[in-house]
Amino acid sequence: AWAIDVYQVICLILRCLLRSDIEGERITSVPGEYRIPVAVILCTRDDWMPATALSCLRSLRDFDHLFLCDDSYEEPFRDLVDAFAGAHAHRVTVLRRNNKTGYKAGNINSCLHRIDTKFKYFLIADYDSCIHPDTISRGVSLLEENRSRPYVQFSQREPAVVGSSFARDLDLSIQVLW
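Residues numbered from 1 in each chain as written. Predicted model: local features only at pLDDT ≥ 70, side-chain atom pairs only at ≥ 80, totals over all residues. Heavy atoms only, no water.

> What exactly am I supposed to notice about the overall build of the protein here?
Counting its regular elements, the protein contains six helices and four strands. Ordered by position from N to C terminus, the α and β elements of the protein give α-β-α-β-α-β-α-β-α-α. Across the 178 residues of the protein, 38% fall into the buried class. On the protein, roughly 10800 Å² of surface is accessible, and the fraction owed to carbon and sulfur atoms is 58%. (Helix = DSSP H or I, 4+ residues; strand = E, 2+ residues; numbered from the N terminus. Buried < 20%, exposed > 50% of the residue type's maximum accessible area, 1.4 Å probe, protein only. Areas by Shrake-Rupley, 256 points an atom, 1.4 Å probe, with all protein chains shown as cover.)

> How do you make sense of the pattern of salt bridges when you look at a structure like this?
Pairing between side chains becomes possible if they bear opposite charge and their charged atoms approach one another. Evaluation of the coordinates by the stated rule reveals eight salt bridges. Between Arg-97 and Asp-71 there is a salt bridge whose closest N-O contact spans 2.7 Å. Of this pair, Arg-97 sits in the loop between strand 3 (92-95) and helix 4 (103-114) while Asp-71 is found in the loop between strand 2 (65-70) and helix 3 (75-87), placing the two residues 26 residues apart along the sequence. What emerges from the salt-bridge pattern is a single network uniting Asp-70, Asp-82 and Arg-96. (Salt bridge = Lys/Arg side-chain N within 4 Å of Asp/Glu carboxyl O.)

> Help me out: how do you make sense of the sheet that holds strand 4 (residues 121-126) in this one?
Backbone-to-backbone hydrogen bonds join strands into a sheet, with any given pair of strands oriented parallel or antiparallel. On the basis of which strands lie adjacent, the open sheet formed by four strands has the order 3-2-1-4 and parallel pairing. Each edge of the open sheet is held by one strand with a lone partner, namely strand 3 and strand 4. Averaged over all neighbouring strand pairs, the angle between strand axes comes to 25°, with direction disregarded. Of the pairings in the sheet, the one linking strand 1 (residues 38-44) to strand 4 comprises six bridges and is parallel in character. Paired with Leu-42 across the bridge in strand 4 is Ala-125. Running at roughly 170° to strand 2, helix 3 makes contact with strand 1, strand 2 and strand 3 of the sheet. Together, strand 1, strand 2, strand 3 and strand 4 form the strand contacts of helix 4, whose direction differs from that of strand 1 by roughly 145°. (Pairing = 2+ DSSP bridges. Axes fitted to C-alpha atoms, helices over the stretch in contact; angles between N-to-C directions. Contact = heavy atoms within 4.5 Å.)

> Where do I start with a nonpolar patch on the surface in this structure?
A cluster of nonpolar side chains, Leu-112, Phe-122 and Ile-124, forms an exposed patch at the surface whose accessible area comes to about 260 Å². You can see Phe-122 is positioned in strand 4. (Patch = residues over 30% accessible without salt bridge, like charges linked within 9 Å, V, L, I, M, F, W, Y side chains within 5 Å.)

> Would you explain the packing of aromatic side chains in this entry?
Any two aromatic rings considered together are summarised by their centre-to-centre distance and by the angle between their planes. Counting across every chain of the model gives two aromatic pairs. Between Phe-67 and Phe-119, the ring centres sit 5.7 Å apart and the planes meet at 90°, which makes this aromatic pair edge-to-face. Of this pair, Phe-67 sits in strand 2 while Phe-119 sits in the loop between helix 4 and strand 4, placing them 52 residues apart in sequence. Judged by relative accessible area, Phe-119 falls into the buried class, the value being 6%. (Phe/Tyr/Trp six-rings, centres within 6.5 Å; stacked < 30°, edge-to-face > 60°.)

> Before we go on, may I ask you to explain the environment of Pro-133 in this structure?
Relative to the helices and strands, Pro-133 is located in the loop between strand 4 and helix 5 (135-145). Assessed through its relative accessible area of 42%, Pro-133 is described here as partly exposed.

> Even after reading the chapter, I still don't get the nonpolar core, so can you show me in this structure?
Side chains of a nonpolar character, in soluble globular proteins, are inclined to be buried together. In terms of nonpolar packing, the biggest core is built from 22 residues, with Val-40, Leu-66, Leu-68 and Phe-84 touching the most fellow members. Secondary structure elements with two or more residues in this core: strand 1, helix 2 (50-59), strand 2, helix 3, strand 4 and helix 5. Non-local contacts of Leu-68, meaning those with residues more than four positions away in its chain, are made with Leu-42, Trp-48, Val-81, Phe-84, Ala-85, Val-92, Thr-93, Val-94 and Leu-95. Judged by nonpolar contacts, the second largest core, of 10 residues, contains Cys-43, Phe-67, Cys-69 and Ile-115. (Core = buried A, V, L, I, M, F, W, Y, C linked by side-chain atoms within 4.5 Å.)

> Mind showing me how you'd approach the pairing of strand 3 here?
Side chains on a regular strand alternate between the two faces of the sheet. The pairing of strand 2 with strand 3 spans four bridges and is classified as parallel. When the bridges of strand 3 are listed, Leu-66 appears paired with Val-92. On the question of chirality, the crossover connecting strand 2 to the parallel strand 3 by way of helix 3 is right-handed. (Right-handed = clockwise from strand over helix to strand, strands pointing away.)

Spelled out as structure tokens, the structure:
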């Protein structure tokens, strides 16, 4: 166990030392300044977690939209997804596909082919990851301020309602490293 602690301390020190190399990457504009629509794509397959979908909703701005890409086989999960979408019909759309080839990548590709082209950016979330409320605003600002950047990756947290003590301990380690 002490070896993991030493490793994490070394990673934290290196992160602080290398931070000076990315100081120019900091956001200089006010989050939300860019009014560019973002499509949030949340994939699920018989593993619906409302906490994740709610975190995505909290991150949406007035002109963004949440697409629930549901590959669920089990009817109870499909019903939960439909109920959530029905409660937030103006902000959420459920997309399902008949052909489930390609696993999660196939699900995302199917969604990208079906949604409106007005969305310049996409945020892809997984069923077990909660995002911070300002993720979209910060992401759009980073992408718009540096057009040569192809993508931005953000830290995400496991929903508090799920997981063993091992998962909670691992989550803390991941947050330290991010």
